[in-house]
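# Summary of structural features
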Amino acid sequence: MTQDSGWPPLREELRGIAPYGAPQLDVPVQLNTNESPYGPSAETVADVAAAVAEVAGGLNRYPDRDFTELSRALAAYLTPDAGGNVIGPEMVWAANGSNEVMLHLLQAFGGPGRTALSFAPTYSMYPEYARDTHTGWAVGHRNEDFGLDLERARRLVTEQRPALVLLPSPNNPTGTALPHEAIGVLCEAAGDGLVVIDEAYAEFRRAGVPSALELLGEHRNLVVTRTMSKAFAMAGTRLGYLAARPEIVEGLRVVRLPYHLSSVTQAVALAGLRHAPELLGYVDRLRSERDELVAWLRAQGHEVADSDANFVLFGRFADRHAVWQALLDRGVLIRETGPDGWLRVSVGTPEEMAAFREALTAAVGAPRTRAQEQGR
Ligand SMILES: *Cc1c(COP(=O)(O)O)cnc(C)c1O
């Protein structure tokens, strides 16, 4: 280390980088991180507490390293979405949020001399996993409607030969789901590389939109990740998981830290799965609230991306930061993310959405599109 290189001796590429994360502000209406607005019922709270009490007596011991019971429960939860395929516990991997699942994937299958690829606009954490694992990063672009041009995507994957293709479906921040055809094309083009479909928002997809889990039997390089953070209304638990061929899961076992899932996490996640009907019971309500929100924003003259998730991307604003700030001044926190000019709002309770609509109307008045502002 030379004198002027700075201290502490942080890796060169990390200097001056701000940690990822939406602002956690204490405001009345929080619509910025796609959490569920609905907390668990008193009965579920009591069951979670009892499950924690049960493991508390054994906290002197390390947890079950292989989270055996949890893998079984997650496999059983996923199987109905798998279109006739049975997902066995040996096909399931879990970690502290699907963010950690994704990091494990990069640690095991990425690395120096390898590349991960995605299509922008997309989840802004992906390039960070690549950076942190010394994996190269390549990015293609989505169409105007945020879908994929399959021919261009195939060409890019064939050229880049990525070790991993990372694609959320529905996509964050646009809400766009991928058709089966796109996943098939990418899996074929990727050859030996893995295609990771991040289904963090899958439970919110509209009727008739399929899950990539249906294709697990057809493509050995397909990986589908899920999380309990969104539709499951358990963001505080930190539990994400995936389904893939057992050989892929074996690779992840090599890179995980010892006992990475605490006894408490395992017990709470299992309790959540036992109460799945209640916790997922709000999904239908949130989907219809989302569809009403999309219709309302369009009626106001805004551009809105079709959404299969629990958030909506809308715009476009000449100064989106000013709109974001004006909403915050009225106690409504949304997310300044996505392509320039767009904003993302999570779907909350009917009361929260009413507050959002009121604040947006107050903030932008009669909406003016960018085209109007430019006098076109
Ligand atoms: C919210 C989100 C996740 C979930 O992350 P967790 O670590 O499971 O909370 C994963 N992928 C995308 C695209 C997301 O938006």
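The rules behind each value
- Residues numbered from 1 in each chain as written.
- Predicted model: local features only at pLDDT ≥ 70, side-chain atom pairs only at ≥ 80, totals over all residues.
- Heavy atoms only, no water.
- Buried < 20%, exposed > 50% of the residue type's maximum accessible area, 1.4 Å probe, protein only.
- Helix = DSSP H or I, 4+ residues; strand = E, 2+ residues; numbered from the N terminus.
- Pairing = 2+ DSSP bridges.
- Right-handed = clockwise from strand over helix to strand, strands pointing away.
- Near = heavy atom within 4 Å.
- Polar contact = N/O pair within 3.5 Å; in protein donor to acceptor, adjacent residues only side chain to side chain.
- Areas by Shrake-Rupley, 256 points an atom, 1.4 Å probe, with all protein chains shown as cover.
- Axes fitted to C-alpha atoms, helices over the stretch in contact; angles between N-to-C directions.
- Parallel < 35°, antiparallel > 145°, perpendicular 65-115°, else oblique.
- Left-handed = near helix turned anticlockwise from the far one by under 90°.
- Contact = heavy atoms within 4.5 Å.
- Nonpolar A, V, L, I, M, F, W, Y, C, P; charged D, E, K, R; others polar.
- Expected span 1.5 Å × (residues − 1).
- Phe/Tyr/Trp six-rings, centres within 6.5 Å; stacked < 30°, edge-to-face > 60°.
- Lys NZ or Arg CZ within 6 Å of the ring centre and 35° of its normal.

## Things to note about the pairing of strand β6 (residues 194-198)
- Across the 5 residues that make up β6, a large majority, 5, are buried.
- Burial along β6 is two-sided: Leu 194, Val 196 and Asp 198 and Val 195 and Ile 197, pointing in opposite directions, are all buried.
- Pairing between strand β5 (residues 164-168) and β6: 5 bridges, direction parallel. Paired with Val 165 across the bridge in β6 is Val 195.
- What joins β5 to β6 is helix α6 (residues 180-190), and the crossover it makes is right-handed.

## Some details on α6
- Within α6, 8 of the 11 residues are buried, which leaves it mostly tucked inside the rest of the structure.
- Those residues of α6 not exposed but buried are Ala 182, Ile 183, Gly 184, Val 185, Leu 186, Cys 187, Ala 189 and Ala 190.
- The positive-phi residue at the C-terminal boundary of α6 is Gly 191, with phi of around 60 degrees.

## Section: the site of the ligand
- With respect to spatial proximity, the complete set of residues near the ligand consists of Gly 97, Ser 98, Asn 99, Tyr 123, Asn 172, Asp 198, Ala 200, Tyr 201, Thr 227, Ser 229, Lys 230 and Arg 238.
- Within the contact set of the ligand, an oxygen atom lies 2.9 Å away from a side-chain nitrogen or oxygen of Asn 99.
- Thr 227 places a side-chain nitrogen or oxygen 2.6 Å from an oxygen atom of the ligand.
- Contact with the protein chains covers 93% of the free accessible surface of the ligand, which is 390 Å².
- Ranked by residue count, the leading element in the shell around the ligand is helix α3 (residues 97-109), at 3 residues.

## What about the packing of helix α10 (residues 283-299) against helix α12 (residues 350-364)?
- Running from amino to carboxyl end, α10 crosses α12 at an angle of 15 degrees, the nearest separation of the two axes being 11 Å. Here α12 runs roughly parallel to α10, going by the angle between their axes. Crossing of α10 over α12 shows right-handed handedness. Facing α10, whose interface residues are Glu 289, Leu 293, Trp 296 and Leu 297, α12 presents Pro 350, Met 353, Phe 356, Arg 357, Leu 360 and Thr 361.
- Broken down by class, the residue content of the contact of α10 with α12 amounts to 7 nonpolar, 1 polar and 2 charged.

## As for helix α8 (residues 263-274)
- For α8, built from 12 residues, the straight-helix expectation of 16 Å at 1.5 Å per residue is met to within 8% by its first-to-last C-alpha distance of 17 Å.
- Burial runs high along α8: 10 of the 12 residues are buried.
- The complete set of buried residues in α8 reads Ser 263, Thr 265, Gln 266, Ala 267, Val 268, Ala 269, Leu 270, Ala 271, Gly 272 and Leu 273.

## Brief notes about the packing of aromatic side chains
- All chains considered together, the criterion is met by 11 aromatic pairs.
- Ring plane angle 70 degrees and centroid distance 5.5 Å describe the contact between Phe 146 and Trp 342, whose orientation is recorded as edge-to-face. Placement of Phe 146 in the loop between β4 (136-141) and α5 (150-160) and of Trp 342 in the loop between β11 (332-333) and β12 (343-346) is noted, with a sequence separation of 196 residues between them.
- Judged by relative accessible area, which is 7%, Phe 146 ranks as buried.
- The exposure class of Trp 342 is buried, given its relative accessible area of 7%.
- Judged by centre distance (4.9 Å) and plane angle (80 degrees), the ring pair of Tyr 201 and Phe 311 falls under edge-to-face. Of this pair, Tyr 201 sits in the loop between β6 and β7 (222-227) while Phe 311 is found in strand β10 (residues 311-315), placing the two residues 110 residues apart along the sequence. The pair Tyr 201 / Phe 311 is uniform in exposure class, with both members buried.
- These aromatic residues form a ring-pair network of at least three members: Tyr 20, Tyr 123, Tyr 126 and Tyr 129.
- Just above the ring of Phe 311 sits the side chain of Arg 344; from NZ or CZ to the centre is 5.4 Å.

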